[in-house]
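Secondary and tertiary structure notes
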Amino acid sequence: MASLPEDIIMDILLILPVKSISRFRCVCKLWYELFKNPNFIKTHHHRAIENNKYTVLLKTWDWSQCVFYSIDFDVTSSSYHMPVKTQLPPHTFNRGFDRPIVSCDGLIGLNLMNKICFWNPSTREYKCISTLDVNEAYYFLIYGVCYDWKICDYKLFKIVVRERHIDISSEIWVSRLGSNSWNNIGSIPYNIYRAKFCAKALNGIIHWLGKENVVVSFDIIEELTEEFQLPDCYINNTSYSPSDYMEVGVLVDDLYLLANATCGRSNIDLWVMKDYGVTDSWTKIFSLSPDITKFDKLLPLHYLNENHQILLKGEHIIWKEDALVSYDPKSGRLVNLVIHRLPRHFNATAFAASIVSLNSRELVKPTEISKVHTRHGAASIFSIHSRELVKAAKTSKVDTRHGAHKFCLLAVERVKSGYSELQSCSSYTGLVCSVDLQAIFSFSFLSFKV
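A brief look at the structure comes next.

So, how was this worked out
Residues numbered from 1 in each chain as written. Predicted model: local features only at pLDDT ≥ 70, side-chain atom pairs only at ≥ 80, totals over all residues. Heavy atoms only, no water. Helix = DSSP H or I, 4+ residues; strand = E, 2+ residues; numbered from the N terminus. Buried < 20%, exposed > 50% of the residue type's maximum accessible area, 1.4 Å probe, protein only. Contact = heavy atoms within 4.5 Å. Areas by Shrake-Rupley, 256 points an atom, 1.4 Å probe, with all protein chains shown as cover. Core = buried A, V, L, I, M, F, W, Y, C linked by side-chain atoms within 4.5 Å. Pairing = 2+ DSSP bridges. Axes fitted to C-alpha atoms, helices over the stretch in contact; angles between N-to-C directions. Salt bridge = Lys/Arg side-chain N within 4 Å of Asp/Glu carboxyl O. Expected span 1.5 Å × (residues − 1). Arc of directions from axis to C-beta. Polar contact = N/O pair within 3.5 Å; in protein donor to acceptor, adjacent residues only side chain to side chain. Disulfide = S-S within 2.5 Å.

Across its full length, the protein chain holds 9 helices and 24 strands. Looking at the protein chain as a whole, 49% of its 450 residues qualify as buried. Nonlocal contacts in the protein chain, meaning residues at least 24 apart in sequence, comprise 52% of its contacts between residues at least 6 apart. Total accessible area on the protein chain is roughly 23200 Å²; 51% of this is exposed by carbon and sulfur atoms.

Bringing the nonpolar core into the picture now. Of all hydrophobic cores here, the largest spans 29 residues; its most connected members are Leu13, Phe35, Phe40, Phe118, Tyr154 and Leu156. Only α1 (6-15), α2 (18-24), α4 (38-50), β6 (115-120), β8 (138-148) and β9 (153-164) provide two or more residues apiece to this core. Within the second largest apolar cluster, 20 residues are counted, among which are Ile142, Cys146, Ile192 and Ile220.

Our next topic: the sheet that holds strand β21 (residues 310-316). With respect to topology, 4 strands assemble into an open sheet ordered β20-β21-β22-β23, the strand pairing being antiparallel. Bordering the open sheet on either side are β20 (295-303) and β23 (333-336), each of which pairs with just one other strand. Strand-to-strand, the axes of this sheet are offset by a mean angle of 35°, without reference to chain direction. Strand direction decides the pairing type here: β20 and β21, joined by 7 bridges, are antiparallel. If you follow Phe295 over to β21, its bridge partner there is His316.

Moving on, we get to the environment of Asp232. Take Asp232: it is sitting in the loop between β15 (224-229) and α5 (242-245). A relative accessible area of 59% places Asp232 in the exposed class. Asp232 sits 48 residues away from Asp280 along the chain, and the two C-alpha atoms are 9.0 Å apart.

Taken as a whole and judged by the stated rule, the model has 8 salt bridges. When the shortest N-O distance is used, the salt bridge between Lys155 and Asp148 registers 2.9 Å. The burial state of Lys155 is the same as that of Asp148; both residues are buried. With a shortest N-O distance of 2.9 Å, Arg344 and Glu321 are connected by a salt bridge. Taken together, the residues span a long stretch of sequence, with Arg344 in the loop between β23 and β24 (347-351) and Glu321 in the loop between β21 and β22 (322-328) at a distance of 23 residues. Among the charged side chains, a salt-bridge network with shared partners connects Asp296, Glu315 and Lys320.

Between the first and last C-alpha of α4 there are 18 Å, a value that for 13 residues agrees with the 18 Å anticipated at 1.5 Å per step. Listing the buried residues of α4 in full gives Phe40, Ile41, His44, His45 and Ala48. For α4, the angular spread of buried residues about the axis comes to 130°, placing them on one side. Along α4, the residues that are exposed and aim more than 90 degrees away from the buried face are Pro38, Asn39 and Glu50. Tucked inside the fold, the buried residues of α4 contact α1, α2, α3 (29-34) and β1 (53-62). With a side-chain oxygen lying 2.7 Å from the backbone nitrogen of Asn39, the N-terminal cap of α4 falls on Asn37. One or two positions beyond α4, positive phi appears at Asn52, with a value near 55°.

A word on the state of the cysteines. Evaluation of the coordinates by the stated rule reveals 0 disulfides. With no disulfide partner, Cys28 has as its closest neighbouring cysteine sulfur the one in Cys26, 9.6 Å distant.

Written out as C-alpha cells, the structure reads:
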C-alpha cells in the first residue's frame, strides 16, 4: 500500500460507493479520520453528482402505511435497477400522511407529529430532532433542510404561517443539526399561505411563486429576500395563474419553472434559469402537448447524464398511473423508462448518495442478510476477475503512472461486475465481507509488480 501514490489512492476512494466507504472506516485510523473530513465528504459527493450517480426514492402507499422504494441510477449502466424496498428508521412507517422533506446532500427528512427524523438512506444513519412547539393556531407549516456554508453545518428550517387578528404573518425558525434549540430569524414580508412553495433549498435559498408574476426567494443563510420576474410570455397573460398552474423547483443546481395554461389541454412548459438571479437567462427546455405525450403532469427530478437528458415523473392522462420518463433536449423525444415492478402511484425524490454523518450512531437495522455471508463465498466470485486482471497486467506491462491509474479504474469496474454477480446469485442485498477492499488494492499492486 505504501508504494502506491497517494493521489491514485485518493482517486480510487473518491469513486467508491457509499456502502464500501462505510465498511472501510475500520481499515485503519488514517482512513477513519479521512472519511470524517468535510473536504473529503464534499468532494466525494460532488464526484457522484458529476458522474450522474444518484438514487430516486419512491414513496407509495400500502393500505394505510407509507412504503419507500429506491432505484439506483448510474450513467455507466445500460439498464435500470428494479425498485428495492427501503427499510425506514423505527416509528416512521406507520402513518399514511408522513411525507419526506426534500433532500439536501443525500439527507432525507421524515415529518412526524412531534419530531423530525433525519435519515441518510445510503449509510442507514438517522437522527430524531424535536420540532418547534407552536402554541398558536397556524395555517401553514413546512420543514426543510439546507447547508450553511458559513458555519459548515446543516440547518433545519421551519416556516410557520400564523393568523393574528386580520393579519397573516410568515415566520422562519432555524435549528442547527447538532442542536435541539430553535431560533426565530424573523418574518417574511409575504403571505405564503397557499403559495406554490419549494422547500428544496438551492445554495441555502428557498423559493415560491408570488401573486405579481414573480418568483420570490429567501436566503436562509444571509436572511435576504429577492424577487425574479417570470418569463415575458407569462406577464399579464390571463391564461396562466401562478397560484394554480405554475410551480417552481430545483433541478440539481438550476432553478426551474413549470407552467401549464388554465384554458383547455395546453402544452406543459419547462423553463430553467441558466444564470441564477438574471431574468433574461430564463431558457425554455420544452413545450410538450399532453395529447402527444399522454401525460398531463411532468415533474423534473434529475439530469440523467452529461448530455442533460432529464428524468421526470409523469402522470398518465388516461390510466392516471405514475411513470418515470426521460426527455432528450436534442431530439425532443420523451421516452417512458421500462422499470420492472414500479409502483402504480408514487411520489419521487432524487438525491446523490453521500457519506454525510449525523453523529447519532443510530442505524436502521437491515432486515435481511446476504446468502453470500462468508469470506470464502464472496472470494470465489472475485477470484474469477482477479485471474483476468493478472493476465491483463502481464500483457499490458503497465509501468507508468497514467497507465496505473487506468489500470485501477479497470479494477474498480471488475469489482462492480463482481457485485452484480453476487446480487444475481441472491435475492438479498447485504454483503458482510471485506473482499471488495482487498480486490481493489490487490489489483492495483499488480500494476507495479509486472
